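# Observations on the model geometry
Next come the chains, spelled out residue by residue.
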Amino acid sequence: MNATYGSSGNFFSQMQNGAPFDLFFSADIEYPRRLEAAGLAEPGTLYEYAVGRIVIWTPLDAKVDVTKQGWRTLLDASVQKIAIANPEHAPYGRAAVAALQNARIYDRVKAKLVYGENISQAAQFVQSGNAQTGIIALSLAISPPMRDGKRWEIPADMHPALEQGAVVLKSATNKEAARAFLEFVKSAAGRAILAKYGFEFPDKLKEPEKR
């Protein structure tokens, strides 16, 4: 199976119009739910696989220390551009805006915001120096290309939970492989990989198995 990366909202629109995908992993479980409600998903395959987190990330040589300054990083004079995912169709972007609003600094920093098409592009803006900092996924911040930078985790209660969901598409040309991959994600090995990259799990996944 080949992976294609982009914003959840854009993929959702494409799938509504018949885009040929087998399996959809969304940063917002609402999109898979809507596909299921529209009859575009295989019944019984909707699965909430993880809960995402967001962080403020800066390069190691940034003039401001985000680990000590937290939200004040975004207000620092050295920060002219702050990268986030486009909130119109990227769940991580919506979470970033909500957190900024709850921190009561959105109006003070909105002129600095630059928007990536998705969370990966927002991260690339900071990596490349086109933005001095960004609000990105924790999973990207601790991945090999970015883990040498500095980060500050935004409290989870400052934005709507990033409940992430997956679903097998009814139009899938290889349903067997799609179901098998989804089962791997559900397994202990799959969850271990997600946990390694900072994802948390819905409460029901933490409950001990009933015997």
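Above: the structure in question.
Residue positions are counted from 1 within each chain, in the order its sequence is given. Side-chain atom pairs in this predicted model are given and counted only at pLDDT of 80 or more, local residue features only at pLDDT of at least 70, and totals for whole chains, interfaces and linings cover all residues. Derived side-chain values reflect all non-hydrogen atoms in the structure, with water molecules and hydrogen atoms excluded from consideration.

## Brief notes about the overall build of the chain
Looking only at helices and strands, the chain has 10 helices and eight strands in total. Restricting the calculation to C-alpha atoms gives the radius of gyration, and the globule rule supplies 2.2 Å times the number of residues raised to the power 0.38. Taken over C-alpha atoms, the radius of gyration comes to 18 Å for the chain, in line with the 17 Å a tight globule of 211 residues would show. Here the term buried applies to any residue with accessible area under 20% of the maximum for its type, exposed to any over 50%, and partly exposed to those in between, with areas from a 1.4 Å probe on protein chains only. Put simply, the chain has 211 residues, and 47% of those count as buried. Residue contacts are defined here by distance: any two heavy atoms, one from each residue, within 4.5 Å place the two residues in contact. Within the chain, contacts between residues at least 6 apart in sequence are counted, and of these 72% link residues at least 24 apart. Under the scheme used here, helices are H or I runs from DSSP no shorter than 4 residues and strands are E runs no shorter than 2 residues, and both carry numbers assigned from the N terminus.

## Things to note about the environment of Ser-26
Of note, Ser-26 is situated in strand 1 (residues 23-26). When the C-alpha positions of Ser-26 and Gln-101 are compared, they lie 24 Å apart, and in sequence the two are 75 residues distant. Aside from chain neighbours lying at most four places away, what touches Ser-26 is Ser-8, Tyr-31, Pro-32, Tyr-49, Gln-164 and Gly-165. In terms of polar contacts, Ser-26 uses its side chain to reach the side chain of Ser-8, at 3.5 Å. Definition of a polar contact: a pair of N or O atoms within 3.5 Å, with one able to donate and the other able to accept a hydrogen when the atoms are protein atoms, and with sequence-neighbouring residues admitted only if both atoms are side-chain atoms. Within the structure, Ser-26 has its side chain in polar contact with the backbone oxygen of Asp-28 (distance 2.6 Å).

## Side note on helix 6 (residues 119-127)
Think of an α-helix as turning once every 3.6 residues; residues three or four places apart then point the same way. Of all the positions in helix 6, only Ile-119, Ala-122, Ala-123 and Val-126 are classed as buried. Seen from one end, helix 6 has its buried residues packed into an arc of 100°, which puts them on one side. Tucked into the core, helix 6 has its buried residues touching strand 3 (54-58), strand 4 (82-85), helix 4 (91-102), strand 5 (113-116), strand 6 (133-137) and helix 7 (138-141). At the N-terminal boundary of helix 6, the capping side chain belongs to Asn-118, with an oxygen 3.0 Å from the backbone nitrogen of Ser-120. Positioned one or two residues after helix 6, Gly-129 has a phi angle of 90°, which is positive. To obtain the arc, one takes the directions from the helix axis to the C-beta atoms.

## Quick look at the sheet that holds strand 4
By the convention used here, strands pair only if DSSP detects at least 2 bridges between them. Read from one edge to the other, the open sheet built from five strands follows the order 5-4-6-3-7, with strand pairing classed as mixed. Two strands lie at the open edges of the sheet, namely strand 5 and strand 7 (150-153), each paired on one side alone. The average undirected angle you get between the axes of adjacent strands in this sheet is 30°. Across four bridges, strand 3 lies against strand 6 in antiparallel orientation. Bridging across to strand 6, Val-55 finds its partner in Ile-136. Axis lines are fitted to C-alpha atoms, over the contacting stretch for helices. Their N-to-C directions set the angle, which ranges from 0 to 180 degrees.

## Considering the nonpolar core
To form a nonpolar core, buried Ala, Val, Leu, Ile, Met, Phe, Trp, Tyr and Cys residues must be joined to one another through side-chain atoms within 4.5 Å. If you look at the biggest cluster of nonpolar residues, it comprises 52 residues, and the most contacted ones within it are Trp-71, Leu-74 and Ile-135. Counting residues per element, this core draws most heavily on helix 4, at six residues.

## Looking at a nonpolar patch on the surface
On the surface, a cluster of nonpolar side chains totalling about 280 Å² of accessible area is made up of Phe-181, Phe-184 and Ile-193. Topologically, Phe-184 is positioned in helix 8 (residues 175-186). Taking relative accessible area as the criterion, Phe-184 reaches 39% and is therefore assigned partly exposed. A residue counts toward a patch only above 30% relative accessible area and without a salt bridge, and it is joined to like-charged neighbours within 9 Å or, for Val, Leu, Ile, Met, Phe, Trp and Tyr, to nonpolar neighbours within 5 Å. The accessible surface values rely on the Shrake-Rupley method and a 1.4 Å probe; as for residues, cover is taken only from the protein chains in view. Criterion for a salt bridge: a side-chain nitrogen of Lys or Arg within 4 Å of a carboxyl oxygen of Asp or Glu.

## Quick look at the environment of Leu-60
By the element assignment, Leu-60 lies in the loop between strand 3 and helix 3 (66-69). Sequence-distant contacts of Leu-60, that is, excluding residues within four places in its chain, are made with Asp-148, Gly-149 and Lys-150.

## Focus on helix 2 (residues 30-37)
Considered for burial, the residues of helix 2 that qualify are Tyr-31, Pro-32 and Leu-35. Buried residues in helix 2, looked at end-on, bunch into an arc of 100°, giving them a common side. Of the surrounding elements, those touching the buried residues of helix 2 are helix 1 (8-16), strand 1, helix 4 and strand 8 (162-168). Positive phi shows up at Gly-39, right after helix 2, with a value of about 75°.

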